[in-house]
Every structure is written in C-alpha cells, then in structure tokens.
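Tertiary structure, described
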Amino acid sequence: MGFPVVRARRLRSSENIRRLVRENYLRVDDLVYPLFVTNGEGVRNPVESMPGVSQQSVDMVLKEAGEVVELGIPAVLLFGIPAYKDEKGSSAYDENEAVQRAIRALKEKYPELLVIPDLCMCEYTSHGHCGLLDEKGVVMNDETISVLAKIALSYAAAGADIIAPSDMMDGRVAAVREALDANGFADIPIMSYSAKYASGFYGPFRDVAESTPQFGDRRGYQMDPANSDEALKEVWLDVEEGADIVMVKPALPYLDIIRRIKDEFNLPVAAYNVSGEYAMLKAAAQNGWLDEKRVVLEALTGIKRAGADIIITYHAKDAARWLKEEQ
Ligand code: PBG
C-alpha cells in the first residue's frame, strides 16, 4: 500500500504532531564540555581557529566551570598545557601541573560536576607524539602503556571521576584498569577513545593544546579513516580490557561507525565532535553563511540519531542555552 492512501506529510503538519512522533532528542544530559588548562593565574589565551575556546589558568577554568554547572551540563573533559615538556612526557604525572591542580580545584568547588581528564602524552612530550619513542622515532607501545597507567593514577589521586585514554596504544585500557584497581580506584570508570581516527579535523585542537607532532604523523597508532570493521575490533578489545564507555572520534564524518558500534555492543557510546568540526560551523556562521543555532543543533541531533549516548563538544554551552530557550 502506498500513495495516495499513505501520505507521510500527515504526520508533519503541525509542531504538536511533529512533537508526538519525534524519534530522537538532544538533551543537556548528553553533553560534555572540553576545557584547556594552563599554568599561571588570570590567564586566558583565546584560540583563533576555535572562536569561544581558550587556554585558561585554573582560576579562570573555575569561572567557566561555574557557567557549565549553571547550564546543567554534567561533565567537563580536561586537557593540559604543561609548564615543561621533555622526551618522556614527565610533566603528565606531575601532581603540581595544570590538570592535576584543576581536578582538585574543580572537585572542591563543584563536587557534583564530573571531571574527566583526557589521558594522553602528546601535550607533554617535546616531540608531540602520544608515547615514548625508540631510536627510530617509532612510538613504543608497551613502554608507553606503563607511563599512561602512572598518569592515570595521578589523575585518580587528584580526584578524577572518569579516566579517558586517547592515545590509541594497544593494551592501554587493561594497563590503566589494572593500575586503578590495584590502588583503590576500582570505582573509577574508563571512557576509552576506542575508534580514534588519524584525522585532519584535529588541526585547531593541536593549536590550542600545542600538541602537533614535531615530525611524522599519528598514522602509526590512530586508525585509517577508510576502515570500519577495524573500529569494531578496537571496541571489542577495549571492552574486553574493561572500558565502561567507548568513544568514536571525530563524530560527523564517522556517523556510520557510531551506528555500527551502537548496534553491535550494549554499551554507552560517546562521540567526540572535534575541533575541526567546530571550526567549520563557527567559521561559516561568522561569515553569515549558516544559521549557527540551527546547524549546531542539527549536527548534534544527527550524532544522537546515529547512536551516540554522550557527545563531547565545544558547542556544549551554546547548545545547552538553546535547548533551555526552546523549552
Ligand atoms: C590527544 C587528543 C587529540 C584530541 C583529543 N585528544 C588530538 C590528537 O590526537 O592529535 C583532538 C580533539 C579535537 O580535535 O577537538 N591525543
């Protein structure tokens, strides 16, 4: 049976009928807002390629976190710009570094706000790679995961609510899980960047996090954008190793991956709407080429519809405001 008996437009004829049959909703509960923490006081360095995003010292991060809490956003993701970098990335586990101090300050001021440090070495190594290098400049997997476990412990000791490994080393989830469990942090969940692609869309992030590799690229550890079955393998491995939440990153060019993972695993799936995705919409909106509110809510709803339960996005504060207005 088809047209003219069936007419799809009947269910689109008014806002209230559209409300009745709407299938997916973006909610403030789904959002995670990323913050970039640096050292010093009163520091606020805006990032040109990401309008509205800045590197900030802990005091300024606390102020912005106040807005996040006020808007009802449940969680923040923290990245650090350390005071020093070396080949071994040792500032990553320095308890007096920006991220560790930010975690302590945030948990003291906003105990309910979930604080999620991103766990990776690229912001802390002088060469900008996500792990320790051998003499040929290749990232050494097994040596790196012990350092990651050490960094995770320093975040846990500072009071982190969730640990989010983003390095793409093999076995990192198991290494982090084991270290947490052995040190009294068995209740801290792991949100793993499971299907993290070697993407050009991280460009603006590397400006703000000062984490561009000094030579080569990340294709030796991040995934080939052409692959999809491999994403399921990565998720399977992470789940076996104890990941509680799995992530796909970037989001918009990988909606099919989000859907496949959601269909295959009964687990919360997070999607990272990354810096380049943000920069595209911001730039077009600033030029008057796109209606910012409309396209941002549409893009985020699309990520939801694809199957994401959690969306990490630089648009989180704006989206939360717009969602509030629409109620
Ligand atoms: C760290 C990390 C990156 C991002 C999140 N964690 C950059 C990278 O892998 O180069 C990118 C986030 C974004 O682009 O918004 N490894």
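Up top is the structure.
We now turn to the structure provided with this report.

Criteria and thresholds
- Note on numbering: residues in each chain are counted from 1, in written sequence order.
- Reporting in this predicted model follows two pLDDT cut-offs: at least 70 for local features of residues, and 80 or more for side-chain atom pairs to be given and counted; totals over whole chains, interfaces and linings ignore these cut-offs and use all residues.
- Only hydrogens and water are removed before side-chain values are computed, so all heavy atoms of the structure are retained for them.
- Nearness is judged by heavy atoms alone; a residue qualifies as near a molecule or strand once a single heavy atom is within 4 Å of it.
- Counted as a polar contact is a pair of N or O atoms within 3.5 Å, where, for protein atoms, one must be capable of donating a hydrogen and the other of accepting one, and residues adjacent in sequence contribute only when both atoms are in side chains.
- All amino acids are sorted into three groups, where Ala, Val, Leu, Ile, Met, Phe, Trp, Tyr, Cys and Pro are nonpolar, Asp, Glu, Lys and Arg are charged, and the leftover types, Gly among them, are polar.
- Burial classes follow relative accessibility: with a 1.4 Å probe on protein chains only, a residue under 20% of its type's maximum area counts as buried, one over 50% as exposed, and anything between as partly exposed.
- We count a stretch as a helix when DSSP gives it H or I for four or more residues in a row; a strand needs E for two or more, and each element gets its number in order from the N terminus.
- Pairing between strands is defined by DSSP: at least two bridges between them are needed.
- Contact between two residues is taken to exist if any of their heavy atoms lie within 4.5 Å; hydrogens are not considered.
- Among buried residues, those of type Ala, Val, Leu, Ile, Met, Phe, Trp, Tyr and Cys that are joined through side-chain atoms within 4.5 Å constitute a nonpolar core.

1. Things to note about the site of the ligand
By nearness alone, 18 residues border the ligand, and Lys 196, Arg 206, Lys 249, Ser 275 and Tyr 314 come closest of all. One nitrogen or oxygen atom from the side chain of Arg 206 is found 2.6 Å from an oxygen atom belonging to the ligand. Residue composition of the shell around the ligand, grouped by class: 10 nonpolar, three polar and five charged.

2. Thoughts on the pairing of strand E1 (residues 31–38)
For E1, a buried count of eight out of eight residues is recorded, marking the element as mostly surrounded by other parts of the structure. Covered by surrounding structure in E1 are Leu 31, Tyr 33, Leu 35 and Val 37 together with Val 32, Pro 34, Phe 36 and Thr 38, the residues of both alternating faces. In the sheet, E1 pairs with strand E4 (residues 75–81) via seven bridges, with the strands oriented parallel. In the sheet register, Phe 36 faces E4, and the bridge partner there is Phe 79. Note that E1 and strand E3 (residues 54–57) share three bridges and pair parallel. Considered in E3, the bridge of Thr 38 is made with Ser 57.

3. Quick word on the side chain of Thr 144
Looking at the secondary structure, you find Thr 144 in helix H4 (residues 141–158). On the basis of relative accessibility, which here comes to 0%, the residue Thr 144 falls in the buried class. At 3.0 Å, the side chain of Thr 144 forms a polar contact with the backbone nitrogen of Leu 132. When near neighbours in sequence (up to four residues on either side) are disregarded, Thr 144 contacts Met 121, Cys 130, Gly 131, Leu 132, Val 139 and Met 169.

4. Describing the nonpolar core
If you look at soluble globular proteins, the nonpolar side chains tend to sit buried side by side. If you look at the biggest cluster of nonpolar residues, it comprises 84 residues, and the most contacted ones within it are Val 76, Leu 78, Leu 106, Tyr 155, Ile 163 and Ile 261. The dominant element in this core, judged by the number of residues it contributes, is H4, at eight residues. The contact partners of Leu 106, leaving out residues within four places of it in the chain, are Val 61, Leu 62, Ala 65, Val 76, Leu 78, Pro 111, Leu 113 and Val 115. Residues Ile 81, Ile 116, Met 191 and Ile 312 belong to the second largest nonpolar core, which totals 27 residues.

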